[in-house]
Amino acid sequence: MSVNIVAFGNERDVLSEDSQQSSLMWSYLRRSALISEIDSSPSAEHARSAVTTEYQACVFGNVRLVVHDCPLWDIFDSDWYTSRSLIGGADIIVIKYSVNDKTSFQDLKDSYVPMIKKALNHCSVPVIISAVGARKNVPCTCPLCTLDRRSCVTTSEGAQLAKEFGATYLELHALNDFYIQKYFGGVLEYFMIQSLNQKSSEKMKKRKKTQKCHRLQPPQLEQPEKMPILKGEASHYDSDLHNLLFCCQCADVAFYSEDSSKVVEAHKVILCSVSHVFMLLFDVKSPADIHDPSILRTAQSLFAVEAGAGLPTPHGVPPCSVPIRVVVKDSVFCSCLPDILHFIYSGAFQWERLEEDIKKKLKDSEKTEHVLEKVKCILKTPGKVNSLQDCQSHQIKRLYSTSLRLFFNTPVLADVIFTIQGATVPAHRAVLVARCEVMAAMFNGNFLEANSILVPVYGVSKDTFLSFLEYLYTDSCCPASILQAMSLLICAEMYQVMRLQHICELYIITQLQSMPSRELASTSLSIVSLLKKAKFHNSDCLSTWLLHFIATNYLIFSQKPEFQDLSVEERNFVEMHRWPSSMYLKQLAEYRSYIHSQRCHCTIM
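Definitions and cut-offs
- Residues numbered from 1 in each chain as written.
- Predicted model: local features only at pLDDT ≥ 70, side-chain atom pairs only at ≥ 80, totals over all residues.
- Heavy atoms only, no water.
- Helix = DSSP H or I, 4+ residues; strand = E, 2+ residues; numbered from the N terminus.
- Buried < 20%, exposed > 50% of the residue type's maximum accessible area, 1.4 Å probe, protein only.
- Contact = heavy atoms within 4.5 Å.
- Areas by Shrake-Rupley, 256 points an atom, 1.4 Å probe, with all protein chains shown as cover.
- Core = buried A, V, L, I, M, F, W, Y, C linked by side-chain atoms within 4.5 Å.
- Salt bridge = Lys/Arg side-chain N within 4 Å of Asp/Glu carboxyl O.
- Phe/Tyr/Trp six-rings, centres within 6.5 Å; stacked < 30°, edge-to-face > 60°.
- Lys NZ or Arg CZ within 6 Å of the ring centre and 35° of its normal.
- Pairing = 2+ DSSP bridges.
- Right-handed = clockwise from strand over helix to strand, strands pointing away.
- Axes fitted to C-alpha atoms, helices over the stretch in contact; angles between N-to-C directions.
- Parallel < 35°, antiparallel > 145°, perpendicular 65-115°, else oblique.
- Nonpolar A, V, L, I, M, F, W, Y, C, P; charged D, E, K, R; others polar.
- Lys, Arg positive; Asp, Glu negative; His and termini not counted.
- Polar contact = N/O pair within 3.5 Å; in protein donor to acceptor, adjacent residues only side chain to side chain.
- pLDDT = per-residue confidence, 0-100.
- Arc of directions from axis to C-beta.

Quick look at the overall build of the protein now. Each helix and strand counted, the protein has 28 helices and 14 strands in total. Sorting the 605 residues of the protein into buried and exposed places 45% on the buried side. At a minimum sequence separation of 6, the contacts of the protein that also span at least 24 residues come to 67%. A total of about 31800 Å² of accessible surface is found on the protein, and carbon and sulfur atoms cover 53% of it.

Moving on: unusual backbone geometry. With omega at 0 degrees, the peptide bond leading from Trp 579 into Pro 580 counts as cis. Its place among the elements puts Pro 580 in the loop between helix H27 (568-577) and helix H28 (582-600). The backbone phi angle of Leu 413 is positive, close to 65 degrees, even though this residue is not glycine. Take Leu 413: it is sitting in the loop between helix H17 (393-399) and strand S12 (416-420).

One finds Phe 255, Phe 303, Phe 418, Phe 465 and Phe 468 to be the most contacted residues of the largest nonpolar core, which totals 114 residues. By residue number, the principal contributor to this core is helix H21 (residues 482-494), which donates eight residues. In contact with Phe 418, not counting residues within four places along its chain, are Ala 423, Thr 424, Val 425, Ala 427, Leu 432, Met 439, Phe 443, Val 455, Val 457, Phe 465 and Leu 469. Counting residues in hydrophobic clusters, the runner-up holds 30 residues, among them Ile 5, Ala 57, Val 63 and Val 187.

When the charged atoms of two side chains lie near each other, side chains of opposite charge can form a pair. Counting across every chain of the model gives 18 salt bridges. Close ionic contact of Lys 262 with Glu 265 constitutes a salt bridge, the shortest N to O distance being 3.1 Å. Here Lys 262 falls in the partly exposed class, since its relative accessible area comes to 47%. One salt bridge connects Glu 306 with Arg 325, and the closest N-O pair in it is separated by 2.6 Å. One end of the pair, Glu 306, is in the loop between strand S10 (303-305) and strand S11 (324-328); the other, Arg 325, is in strand S11, with 19 residues separating them in the sequence. A network of salt bridges, in which partner residues are shared, links Asp 240, Arg 435, Asp 475 and Arg 499.

In the structure shown here, the tally under the stated rule is 22 aromatic pairs. Where Phe 465 meets Tyr 495, the ring centres are 6.3 Å apart and the plane angle is 50 degrees; that geometry is what we call tilted. Residue Phe 465 is found in helix H20 (residues 462-474), and its partner Tyr 495 is found in the loop between H21 and helix H22 (498-513); the two are separated by 30 residues along the sequence. Taking the relative accessible area as the measure of exposure, Phe 465 reaches 0% and is therefore buried. Of the residues examined, Tyr 495 reaches a relative accessible area of 10% and is grouped as buried. Of the aromatic side chains, those joined through ring pairs into one cluster are Phe 255, Phe 278, Phe 282, Phe 303 and Phe 333. Positioned over the ring face of Tyr 256 is Arg 325, at 3.9 Å from the centre of the ring.

Another point: the pairing of strand S5 (residues 92-98). Taking burial as the measure, the seven residues of S5 include seven buried ones, the bulk of the element. Bridge count between strand S1 (residues 2-8) and S5: four bridges; the pairing is parallel. Paired with Phe 8 across the bridge in S5 is Ile 95. Crossover S5 to strand S6 (residues 127-132) through helix H5 (residues 102-120) is right-handed.

Right, let's talk about the packing of helix H14 (residues 337-345) against helix H15 (residues 351-362) for a bit. Running from N to C, H14 and H15 cross one another at 170 degrees; their axes reach a closest spacing of 10 Å. The orientation of H14 with respect to H15, classified from their angle, is roughly antiparallel. Along the contact surface, H14 presents Asp 339, Ile 340 and Phe 343, while H15 presents Trp 351, Leu 354, Asp 357, Ile 358 and Lys 361. Here the residues of the contact of H14 with H15 sort into five nonpolar, no polar and three charged.

Tracing the backbone shows Asp 415 in the loop between H17 and S12. Buried within the structure, Asp 415 lacks any salt-bridge partner; its nearest side chain of opposite charge belongs to Arg 429, at an N-O separation of 4.2 Å. Reaching out from Asp 415, the side chain makes a polar contact with the backbone nitrogen of Arg 429 at a distance of 2.8 Å.

The pairing of strands in a sheet comes from backbone hydrogen bonds and takes either a parallel or an antiparallel form. Here seven strands make up an open sheet; going across it, the order is S2-S3-S4-S1-S5-S6-S7 and the pairing mixed. Two strands lie at the open edges of the sheet, namely strand S2 (35-36) and strand S7 (168-172), each paired on one side alone. Examined bridge by bridge, strand S3 (residues 53-59) and strand S4 (residues 63-70) share seven bridges and lie antiparallel to one another. Its bridge partner being in S4, Thr 53 is matched across the sheet by Asp 69.

When pLDDT is averaged along the protein, the result is 83; 83% of the residues meet or exceed 70. Confidence over residues 41-49 falls short of pLDDT 50; this stretch has 13 contacts with residues more than four positions distant or in other chains. Across residues 310-317, confidence stays below pLDDT 50; counting only partners more than four residues off in sequence or on other chains, it has six contacts.

Glancing now at helix H19 (residues 437-444). Because an α-helix packs 3.6 residues into every turn, residues spaced three or four apart end up facing the same way. Of the positions making up H19, those classed as buried are Met 439, Ala 440, Met 442 and Phe 443. Looking straight down H19, one finds that the buried residues subtend no more than 165 degrees of arc, so they occupy a single side. Packed against the buried residues of H19 are S12, helix H18 (429-435), strand S14 (454-456) and H20.

Quick look at the environment of Ile 503 now. Looking at the element boundaries, Ile 503 is found in helix H22. Residue class for Ile 503 comes out buried when judged on its relative accessible area of 14%. Each C-alpha atom, one on Ile 503 and one on Ser 476, is 9.3 Å from the other, the two residues being 27 residues apart in sequence. Once residues within four sequence positions are removed from consideration, Ile 503 is found in contact with Trp 80, Tyr 471 and Cys 477.

See the structure below:
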């Protein structure tokens with residue numbers, strides 16, 4: 001017997017000076033008297049950079065306990081397949097947050113709780129919502145007070161979220177023995193016992209059912225052959241953008257020192273996706289849009305766009321062919337600018353590495369602190385106080401979003417326009433070149449598109465192409481249906497974006513696996529047509545899986561007209577791997593004949 005617990009959310013207090021604060025689940029495992037044989041290897045205990053940390057232990061003596069702790073909500077955005085698998089295998093779900101992090105709580109309430117509800121799909125899995133920490137400030141009710149009342153999550157807000165979710169709400173003011181063992185542990189152990197009782201009951205019912213009949217047993221139906229398992233490909237989003245800085249393709253901005261020597265080239269869309277300072281510098285936003293004097297001062301003190309740099313380019317020449325010239329006024333900052341751009345292009349969250357590189361280059365603590373403060377000002381969010389005393393990578397990543405989603409399907413800074421089905425779709429060459437090798441060759445080779453702003457697109461619909469571009473910009477993909485996923489797979493194969501192709505394959509497989517037999521028999525979706533398209537577009541893994549899927553559901557598909565569209569080779573494969581097998585059906589017919597003869601036999605004679 002085993003119990004699987006999945007915990008989502010980061011309960012660490014961002015305002016606390018204790019950066020080594022233990023997680024809720026790890027504190028429970030160490031303190032509970034019912035827990036033994038904890039896997040406390042360094043890789044399990046301290047791997048905080050990993051998306052998911054797994055703990056294994058024993059509870060109630062010999063019951064296996066598996067805990068998956070996911071502190072980052074990014075897993076729902078970047079790897080929906082893994083997050084759905086974790087929720088599907090959970091016996092208990094724990095959602096945790098810090099009462100001093102209102103922003104994360106709002107994201108949890110608006111974005112991630114609906115995702116968890118959808119993944120549970122009405123399953124009766126107990127959910128515990130834990131509000132962790134002591135509130136640093138008490139909300140003020142005075143109408144003249146200027147304090148930010150929304151910096152803490154109130155008890156009523158947490159309780160309301162739990163009520164809407166149908167969950168159990170707990171407030172843990174500290175991770176001490178009382179709150180961990182008696183309060184949180186008591187509730188968690190109650191749900192563990194309920195889960196074990198349910199599993200034992202189901203096991204006994206199954207055992208009684210198998211022992212019910214002692215007469216001649218029907219033929220045993222073997223399990224179908226295991227279908228091929230498709231593994232997802234790791235994201236290379238950050239490395240794609242980082243490589244763009246090295247190759248300098250489609251650069252549209254060049255930084256110069258005050259003595260007019262070129263320092264480095266970069267891309268407006270990448271810089272503006274990270275910083276409001278660059279948005280202001282490149283006229284993406286006006287001073288009236290910023291509402292933050294510190295950002296205006298940073299832009300004016302650090303940079304100056306040379307006069308005439310924004311002149312229109314000749315007809316037919318892409319705007320990126322003539323980079324805008326920007327002078328860096330601060331000489332110390334200018335000397336560190338290549339390292340700062342590497343930090344930004346790597347995702348703007350490797351703060352410790354940036355700090356180390358600048359210290360090594362300047363060898364002066366005052367100058368190092370000066371440059372790091374300038375970087376913090378560049379990354380500052382308007383209206384927020386920059387209080388990063390001890391900048392950790394996970395804090396920087398949480399505060400400074402590096403998403404390019406703001407520039408997806410918008411003409412702002414766009415330097416290429418796709419024409420498709422009579423509509424226009426603006427885009428940015430830098431993003432396309434970084435994320436897609438086919439487009440990199442198209443825009444940098446001897447092709448017509450290299451010197452053209454209008455680029456026609458054929459063979460795909462506008463919606464499919466927009467979904468494809470959205471993946472390039474955000475590294476996320478969420479098809480609405482199997483047919484849409486297949487269309488996106490075809491587009492990904494056309495532009496040789498293999499990871500997107502694998503994501504679409506996994507989505508199609510997951511949707512088909514979750515489809516009940518009755519729905520599979522009545523659906524108008526043609527699986528054979530999907531098979532043909534997968535083969536034609538070189539999706540070998542999906543085509544092989546679909547053949548196994550047809551063979552496994554032989555009794556359903558053999559009755560459909562589309563079954564006749566299979567080739568001779570495909571038909572032979574399906575017949576060879578069909579389930580149930582023809583031998584089993586023959587034995588079943590003989591068994592039924594035997595049972596019928598026994599019923600018709602005269603009991604008197």
